[in-house]
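# Geometric and topological summary
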Amino acid sequence: MSNDSSHKSTASAGRRAFIVRALGATAASALAQRAVAEPPKSAPGAATLPPADPLHRGPLQPTAADPKAPVPIASAPMGGLELPVLPYLQSALEPHITANTVALHYGKHHRGYYEKTNTAIQGTPLANKPLEQIVKESAKGGKAQSKLFDNAAQAWNHNFYWQSMKPKGGGAPSGELGKRIDKDFGSYEQFKNRLIQTAVDHFSNGWVWLVLEKNKLKIVDTHDADTPLVRGMKPLLVSDVWEHAYYLDYKNVRKDYVTAFVEHLLNWDFVGQNLG
Ligand code: MN
């Protein structure tokens, strides 16, 4: 027994050391590339993170590049599915959503769903499968897989949420997207009011989505971890209405949070990409 565990612990320490070295090399190389790519007099406060595909599964890149943001995130890889990097700095959504909220929401809540998903899939046929597949398959598994579904779907929903926002977003969309909104909701104002009212009326934890169903744009809400991904709808946008998404910034006033989401953060580019 003791031999076994000491062997395991040595192997595990060796693996950690390897990962740390690998990460160090990656970070050093990224820094070197940045030094070449960026003019030496770049303005302070300019974006310091490289553009990132937020759904990539590479090693977690800490968001410590933002000097104003607390850094609750360990830089070590998680094993299994990797928490994607945020598509912007933790402070990028201020003043509407503060760096404190993002740090806690992304670094603790979102990360926690990934960790629990990884624990649940270990040694099962779903290990090493993409997150979306885990969500869809665990949704079919009934009560036996409800815990896995809850964590995997929350991990997926949060990936979608971060991409549903961008700094200086919001307002009415233009072009084809504007026409679709007018056609299916009457006007942008009616779309906006519907989304805000759905969020306000939603009881307890959940999500408010813009989806495509039977070629029509709709706003729907889901409870807890539930997601349109497993309900025959195509998700286009989501706002998180769990209290942890807004309580630090807005206390219990969900309406003000969702109004700020629609008016200042909503990422229409992301909606357009999802519409295809
Ligand atoms: Mn959340």
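Scroll up to find the structure.
Residues numbered from 1 in each chain as written. Predicted model: local features only at pLDDT ≥ 70, side-chain atom pairs only at ≥ 80, totals over all residues. Heavy atoms only, no water.

## So, the pattern of salt bridges
Put simply, the rule reads: The rule for a salt bridge is simple: a side-chain nitrogen of Lys or Arg has to be within 4 Å of a carboxyl oxygen of Asp or Glu. By the criteria applied, helices consist of DSSP H or I runs no shorter than four residues and strands consist of E runs no shorter than two, each listed in order from the N terminus. Exposed residues in this analysis have more than 50% of their type's maximum accessible area, buried residues have under 20%, and partly exposed residues fall in between, with area computed by a 1.4 Å probe over protein chains only.
Tallying each qualifying case throughout the model produces 8 salt bridges. Two residues, aspartate 269 and lysine 166, come together in a salt bridge whose shortest N-O distance is 2.9 Å. One end of the pair, aspartate 269, is in helix H9 (residues 268-275); the other, lysine 166, is in the loop between helix H4 (146-163) and helix H5 (175-185), with 103 residues separating them in the sequence. Of the charged contacts, one joins lysine 179 and glutamate 176 as a salt bridge, the two residues approaching to 3.4 Å between their closest N and O atoms. Of the two residues, lysine 179 and glutamate 176 both sit in helix H5, 3 residues apart, roughly one turn of that helix. Lysine 179 sits in the exposed class, given a relative accessible area of 55%.

## A few points about the pairing of strand E3 (residues 234-240)
When a strand is regular, its side chains alternate between the sheet's two faces. Which entries qualify depends on this criterion: In this scheme, strands are said to pair when DSSP sees at least two bridges between them.
The buried fraction of E3 is high, at 6 of 7 residues. Two strands pair when backbone bridges link them, and strand E1 (residues 206-213) and E3 are joined in this way by 6 bridges, in the antiparallel orientation. Looking at E3, one finds that valine 208 is bridged to serine 239.

## Quick word on the packing of aromatic side chains
The condition is simple: Centre distance within 6.5 Å is the pairing criterion for rings of Phe, Tyr and Trp, where only the six-membered ring of Trp is used; planes under 30 degrees apart are then read as stacked, over 60 as edge-to-face, and the remainder as tilted.
In total, this model carries 12 aromatic pairs according to the counting rule given. Measuring from centroid to centroid gives 5.1 Å for tyrosine 161 and tryptophan 162, while their planes differ by 50 degrees, and the two rings are tilted. Take tyrosine 161: its relative accessible area is 0%, and that puts it in the buried class. Ring geometry for tyrosine 246 against tyrosine 257: centres 5.1 Å apart, planes inclined by 25 degrees, an arrangement best described as stacked. Here tyrosine 246, found in the loop between E3 and helix H7 (247-250), pairs with tyrosine 257, found in helix H8 (residues 254-265); they are 11 residues apart in sequence, far enough to count as distant. A relative accessible area of 1% places tyrosine 257 in the buried class. Linked through ring pairs, Tyr106, Trp156, Phe160, Tyr161, Trp162, Trp207, Trp209 and Phe270 together constitute an aromatic cluster.

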